[in-house]
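Commentary on secondary and tertiary structure
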Amino acid sequence: MRRVQAALLDREGLTPGALADLLDGLRREVQALPFGVPDADTPPREAYCDLRAHIARAWPEPGFYDPATGRALGHCDLPAEIGDALDDLTDLALALGTALALADTDEADALAWLRFSHDAHWGDHVQNVTRHLRWLG
């Protein structure tokens, strides 16, 4: 969890494909966790905006993409659904940040938050953005 969070925020020399590998591994680990309802609050919207800007500086390549194929979208492409890689990565970073903060006081609640937030929100985002990151290389 900490390795993925560090990679999202600081890149650490990773390629988009290497980030996709980390995300795949995280999803597998989280899906193996038991499901529970955590006692945690959603981060404020301001935290999202600041975190998205930070990730955009670390990962400038990902952009809008077709979730079905992972292919990057140009200005004239209009599929039925549009993925936003920065939104996907930011949602994941927020969930990981919440889980890491909870882990300092209650590891069980941190794991419950991670699984709950995966199932409720970021799991699908990560699955889709992973295709895009692999397409980028």
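Use the structure listed above.
Predicted, not measured: the structure shown is a model, and the values here were computed from it. (Residues numbered from 1 in each chain as written. Predicted model: local features only at pLDDT ≥ 70, side-chain atom pairs only at ≥ 80, totals over all residues. Heavy atoms only, no water.)

1. What to know about helix 4 (residues 85-103)
- The end-to-end C-alpha distance of helix 4 is 27 Å, a good match for the 27 Å that 19 residues give at a rise of 1.5 Å each.
- The buried fraction of helix 4 is high, at 16 of 19 residues.
- Structurally, the start of helix 4 carries an N-cap: the backbone nitrogen of L86 is 3.2 Å from a side-chain oxygen of D84. (Helix = DSSP H or I, 4+ residues; strand = E, 2+ residues; numbered from the N terminus. Expected span 1.5 Å × (residues − 1). Buried < 20%, exposed > 50% of the residue type's maximum accessible area, 1.4 Å probe, protein only. Polar contact = N/O pair within 3.5 Å; in protein donor to acceptor, adjacent residues only side chain to side chain.)

2. Looking at the nonpolar core
- Residues L8, L19, L23, L92 and W122 are the most contacted members of the largest nonpolar core, which totals 33 residues.
- Those elements giving two or more residues to this core turn out to be helix 1 (2-10), helix 2 (16-31), helix 3 (45-58), helix 4 and helix 5 (107-136).
- For this core, the leading source of residues is helix 4, giving 10 residues.
- Non-local contacts of L19, meaning those with residues more than four positions away in its chain, are made with A7, L8, W59, L89 and L133. (Core = buried A, V, L, I, M, F, W, Y, C linked by side-chain atoms within 4.5 Å. Contact = heavy atoms within 4.5 Å.)

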